[in-house]
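Residue-level structure breakdown
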Amino acid sequence: MAEIRDMTAKQPPQRRSDERYDPERIEKKWSARWQADPALYAAEGHTSKRKKYYVLEMLPYPSGVLHMGHVRNYSIGDALARYMWMRGYNVLHPMGWDAFGLPAENAAIKNNTHPRQWTLGNIVRMKAQMQRLGFAYDWSREITTCLPDYYRWNQWFFLKLYEKGLAYRKKSKVNWCPECATVLANEQVVDGCCWRHEETKVEQRELEQWFVRTSQYADELLAGLDQLKGWPEKVRTMQRNWIGRSEGAMVDFALEGPAGAAGSKITVFTTRIDTIFGATSVQLAPEHPLVADLTAGDPDLRGKVEELVREQARAREEGDVGAIEKHGVFTGRYAINPFNQEKVPIWVANYILMDYGTGAIGSVPAHDERDYEFAQKYGLEIRVVILPRRVGEPPPADQEEKPLLPYTHMDSLLINSGEYNGLANNEAIKRMTADAEQRGFGKATVTYRLKDWGISRQRYWGTPIPMLYCEKCGVVPVPESQLPVLLPDNVDITLPGGSPLSHVPEFVNATCPHCGGRARRETDTMDTFVDSSWYFYRYTNARLNDRPLDTGTVDYWFPIDQYIGGVEHAILHLIYSRFWTKFMRDLGIIHNDEPVLRLFTQGMVIKDGAKMSKNKGNVVSPDEMVAQFGADSTRMYSLFATSPDRELDWQEAGVEGVHRFLSRAYRFVMRNARSTRRGAGAASTNLSPKARALQRKLHQTIKRVTDDFQGRWHFNTSVSAVMELLNELYGAEEDIVAGKVPAEVLADAQRNLVLLLAPFAPFLASELWEALGEKDNLLRHPWPEYDPALAKEEETVYPVQINGKLRSHVSVPAGSPEELVKERALADERVRAAIDGKEMVKVIFVAGKLVNIVVR
Ligand SMILES: [Zn+2]
Ligand SMILES: [Zn+2]
């Protein structure tokens, strides 16, 4: 478009013929410009005087193609990043690739390619998709976790964990396919069978594996949740449950009869020691070490126990052990309750877990839901030891004092409990724990559901664990100076038997750094959750090559101001990365206690009521949407269809609707750009009603969009507000053409319309900004401010009469309907006082003039 320099004020703006909105042309033009200017989205260094804002979306796994869930996640983050840039912040908005993991190996086997080639090829494709969508990432900080310049720091951290006693080896169960003769990941176990051998049952084998001692920080991980006020409550609750802290006591029950190899006592864990006189059996987890002893010499019993093991394993695979149908078997043996010397039967039950507490409980059916259910099923004694009555409260006179079972409440008192009868629960817990400790058969304890993190994977495509096994010296860490331990390229990942790396002699055979003798290298690789536990620190200085991070830079950027991703990462990723932060802090290389200040979990994108999946044939491809409607429409629809925290049911008609709106915006601004180029300055007073309405709508819209960004992120209402503003502009267009809307007012409205669109439809906004004759970069242009006085609705003041006599005035927004005016009039205090106790006959309403209430 030609520059218009000849601007004679008397000539009305010419109407241009409508130009067609062509997103393809506009978006390619701006994509090319943005990519040619890498400084555009680059954050300033940590010495910047501006306030920092770190906005981050969870980094994707490079599967090869972006799906709509990604588009939604990144559109939210990108809108926020652009808004914060316009608010003048120093914004850090990076992106990278969670590039190790099993799918690369599976794809490599299937397509006969190398996992590296497959992964890096996918990254190129996905990055191009992201650029086509116009996401404002600082690509100079891109990280790819499968490259040595990143994973060497995983190894460095592992050595530090080992040094601090936070990494250790222990035997642990793995899934093993006897046909493949290899370890399977959980995802490779399908209905208890191997994914490649549908007929072959997967076995559990014990292997030495590396663990990270996350439990060391269990208390702090739990306590820290209280401070994370910017996290969704549901995520904090999920983490609390996952950490699962219980205060309780360990109590030793002596084993009656011969002791086994596992000892002569059973230590039970209980959170309700006050009910222990009601324990009518002891229940062991099927994998409790004593079970082997108790079932020795009884193949029938052994077989029954093995069935319980299998039932529990199946329930674990299905992910809900809590919902297991309870089964158990009596061992024929007894244990002695140390509090009352009573003999109780020992059972093995499938709902008792070896990895919770001690793997053994004293079962109290009267006062525990699960024990009650079990006792009913197997006819075990149910003995009440707690009454639903407070200490000092008299017993009920007219009815039998018996609680509804199972009775699990606290704030009650003890019966049938020997010397503890009559005590309140809380008091009894204290006294009985102290007594057990003093008499040497128990102690107070805290247990966690949170387990240490098993990080060994018997797979190829991951970070090699930097450890050696020397024939003489045993386990020896690789010296820091020898990092990185490179993942070798020439590996046959289809070979059966053990970790793929174990088949590579030049990798396995090493020299011991202590004695110079022969050593074997660890052939397991790290869980990919290690990579994502600290990646966001690396972004702050992604090219640093002598340290994982620079402390001063991290101090400036952390904690992350806003993290955005799927709720499916609420537990593992977000607990591991919180753990990693505390570990790094205790190493002294960072100072923050938590990585993320505010967390947002966006809703899923579905289609036709179901999750998008290839099997269902309901996958919507972002590429197709972009080709058909443009990136702006696709992004904006993903924000507009519903509020970002809710599930989005993808409707193509909706994208089309957004496209129509953007077309209208484009055509309007293109037609009227000329008058805006001319107009400038403050808004006039004495505006025509149309012009004033436009001005008011503009300031109201700025307020709504700004409030949404600052508050609940209901971008759907932000976008509808911008749509209403455009309608107002169209409604005033006749007046505009007739010159009845002052140029300043129109200019103000058009410029701000474009600024408000910028976070949602950055391509179109940039094009229109340029058409309005603006030279500065839209991304750095200040976000518009609203004037509360101009945003205020015009008001009409109604005199309120009672029986024709003026009693009060009420003011309502101009044009309010009759019902609202009457309602306000009747709610007025002076009116209410005047009609109090009288009978209302009717209310007369004269629009714009008065309200008259007739009473008698
Ligand atoms: Zn197999
Ligand atoms: Zn050695």
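Look up a bit, the structure's there.
These remarks concern the structure in this document. Keep in mind the model is a prediction, meaning the values are calculated, not measured.

Thresholds, definitions, all that
Residues numbered from 1 in each chain as written. Chains lettered and ligands numbered in written order. Predicted model: local features only at pLDDT ≥ 70, side-chain atom pairs only at ≥ 80, totals over all residues. Heavy atoms only, no water. Helix = DSSP H or I, 4+ residues; strand = E, 2+ residues; numbered from the N terminus. Buried < 20%, exposed > 50% of the residue type's maximum accessible area, 1.4 Å probe, protein only. Contact = heavy atoms within 4.5 Å. Areas by Shrake-Rupley, 256 points an atom, 1.4 Å probe, with all protein chains shown as cover. Lys, Arg positive; Asp, Glu negative; His and termini not counted. Charge placed at Lys NZ, Arg CZ, Asp CG, Glu CD. Phe/Tyr/Trp six-rings, centres within 6.5 Å; stacked < 30°, edge-to-face > 60°. Lys NZ or Arg CZ within 6 Å of the ring centre and 35° of its normal. Polar contact = N/O pair within 3.5 Å; in protein donor to acceptor, adjacent residues only side chain to side chain. Pairing = 2+ DSSP bridges. Axes fitted to C-alpha atoms, helices over the stretch in contact; angles between N-to-C directions. Core = buried A, V, L, I, M, F, W, Y, C linked by side-chain atoms within 4.5 Å. Donors = N, O, S within 2.8 Å, 3.2 Å for Na, K, Ca; no water. Tetrahedral: all angles 85-135°; square planar, octahedral: opposite > 155°, others 65-115°. Expected span 1.5 Å × (residues − 1). Parallel < 35°, antiparallel > 145°, perpendicular 65-115°, else oblique. Left-handed = near helix turned anticlockwise from the far one by under 90°.

Bringing the overall build of the protein into the picture now. Secondary structure summary: the protein contains 26 helices and 34 strands in total. Its C-alpha atoms give the protein principal-axis dimensions of about 110 × 85 × 50 Å. Across the 856 residues in the protein, those meeting the buried criterion constitute 53%. A separation of at least 24 residues holds for 72% of the contacts in the protein among residues at least 6 apart in sequence. For the protein, the accessible area works out to roughly 38,500 Å², and carbon and sulfur atoms hold 49% of it. Taken as two groups, the 108 positive and 112 negative side-chain charges of the protein have centres that lie 5 Å from each other.

Within the structure shown, the criterion is met by 61 aromatic pairs. When the centroid spacing of 4.9 Å and the interplanar angle of 80° are considered together, the rings of Y83 and W783 count as edge-to-face. Note that Y83 is positioned in helix 2 (residues 68–86) and W783 in the loop between helix 23 (762–771) and helix 24 (788–791), a separation of 700 residues in sequence. Both residues of the pair, Y83 and W783, belong to the buried class. Seen from their ring centres, F709 and F715 are 5.0 Å apart, and the 50° between their planes marks the pair as tilted. A connected cluster of aromatic rings, assembled from ring pairs, spans Y150, W153, W156, F157, Y217, W453, F529, W534, Y576, F579, W580 and F583. Between the NZ or CZ atom of R33 and the centre of the ring of W30, over which it lies, the distance is 4.3 Å. Over the face of the ring belonging to F507 we find R521, whose NZ or CZ atom lies 5.6 Å from the ring centre.

Position of H70 relative to the elements: it lies in helix 2. Of note is the side chain of H70, whose polar atom sits 2.9 Å from the backbone nitrogen of H67. Not counting the four nearest positions on each side in its chain, H70 is found in contact with P60, V65 and M126.

Next up on the list: the sheet that holds strand 28 (residues 605–607). Read across the open sheet, the 3 strands follow the order 29-28-30; overall the sheet is mixed. Of all strands in the sheet, those bounded by a partner on one side alone are strand 29 (610–611) and strand 30 (648–649). Where strand 28 lies against strand 29, 2 bridges are found, and the strand directions are antiparallel. Counted as the bridge partner of K607 is A610 from strand 29.

Here we take up the pairing of strand 1 (residues 52–57). In terms of residue burial, strand 1 counts as a mostly covered element, since 6 of its 6 residues are buried. Both faces of strand 1 are covered, namely the face carrying K52, Y54 and L56 and the face carrying Y53, V55 and E57. In this structure, strand 1 lies alongside strand 2 (residues 90–92), joined through 3 bridges in parallel fashion. Bridge assignment links Y54 to a residue of strand 2, and that residue is L92. By the bridge criterion, 3 bridges tie strand 1 to strand 26 (residues 562–566) in an arrangement that is parallel. Bridge assignment links E57 to a residue of strand 26, and that residue is I564.

With that out of the way, let us pick up the sheet that holds strand 33 (residues 840–846). Strand-to-strand pairing in sheets goes through backbone hydrogen bonds, with the strands running parallel or antiparallel. Sheet architecture is open: 4 strands sit in the order 32-31-34-33, paired in mixed fashion. Taken across any chain shown, the strands that pair with only one partner, and hence form the sheet edges, are strand 32 (805–813) and strand 33. Mean inter-strand twist for the sheet, computed between neighbouring axes without regard to direction, equals 20°. The strands touched by helix 25 (residues 818–827) within the sheet are strand 31 (795–802), strand 32, strand 33 and strand 34 (850–855), with strand 32 carrying the most contacts at an inclination of about 130°.

Of all hydrophobic cores here, the largest spans 183 residues; its most connected members are F536, Y563, W580, M584 and W650. When residues in this core are grouped by element, the largest group, 11 residues, is from helix 2. Not counting chain neighbours up to four residues away, the residues in contact with F536 comprise Y54, L56, F558, I560, Y563, H573, S577 and P595. Ranked by size, the runner-up nonpolar core spans 34 residues in total, among them A249, L308, A335 and M432.

Right, let's talk about the coordination of the zinc ion (ligand 2) for a bit. Here the zinc ion (ligand 2) is held by the protein donor atoms C470 (SG), C473 (SG), C512 (SG) and C515 (SG), which lie 2.2 to 2.3 Å from it. The site at the zinc ion (ligand 2) holds 4 donor atoms, and with the angles between them running 101 to 115°, its shape is tetrahedral. Read in sequence order, the donor residues coordinating the zinc ion (ligand 2) give the pattern C-x2-C-x38-C-x2-C. Among the residues examined, C473 registers a relative accessible area of 35% and is labelled partly exposed.

On to helix 17 (residues 631–640). Along helix 17, 9 of the 10 residues are buried, which leaves the element largely enclosed by surrounding structure. Buried within helix 17 we find A631, D632, S633, T634, R635, M636, Y637, S638 and L639.

This part covers helix 20 (residues 715–731). An α-helical turn contains 3.6 residues, so any two residues separated by three or four positions project in the same direction. For helix 20, built from 17 residues, the straight-helix expectation of 24 Å at 1.5 Å per residue is met to within 8% by its first-to-last C-alpha distance of 24 Å. Within helix 20, burial applies to F715, N716, S718, V719, A721, V722, M723, L725, L726, L729 and Y730.

Glancing now at the pairing of strand 33. Relative to strand 34, strand 33 is paired through 6 bridges, and the arrangement is antiparallel. Directly across from M840, in strand 34, lies its bridge partner V855. Between the antiparallel neighbours strand 33 and strand 34 lie 3 residues, among them G848 with a positive phi of about 75°.

So, about the packing of helix 19 (residues 689–710) against helix 20. Where helix 19 meets helix 20, the axes come as close as 9 Å, and the angle between the chain directions of the two elements is 165°. As the angle between them shows, helix 19 and helix 20 are arranged roughly antiparallel. When you trace helix 19 past helix 20, the crossing you get is left-handed. Residues K690, A693, L694, K697, L698, T701, R704, V705, D708 and F709 of helix 19 pack against F715, T717, S718, A721, V722, E724, L725, E728, L729 and G731 of helix 20.

With respect to the secondary-structure elements, E44 resides in the loop between helix 1 (23–35) and strand 1. Note on E44: relative accessible area 34%, which makes it partly exposed. Taking the C-alpha atoms as reference points, E44 and V797, 753 residues apart in sequence, are found 53 Å from one another. Other than its neighbours up to four places away in sequence, E44 contacts R50, N90 and W557. At 2.6 Å, the side chain of E44 and the side chain of S48 are in polar contact. At 2.6 Å, the side chain of E44 and the side chain of R50 are in polar contact.

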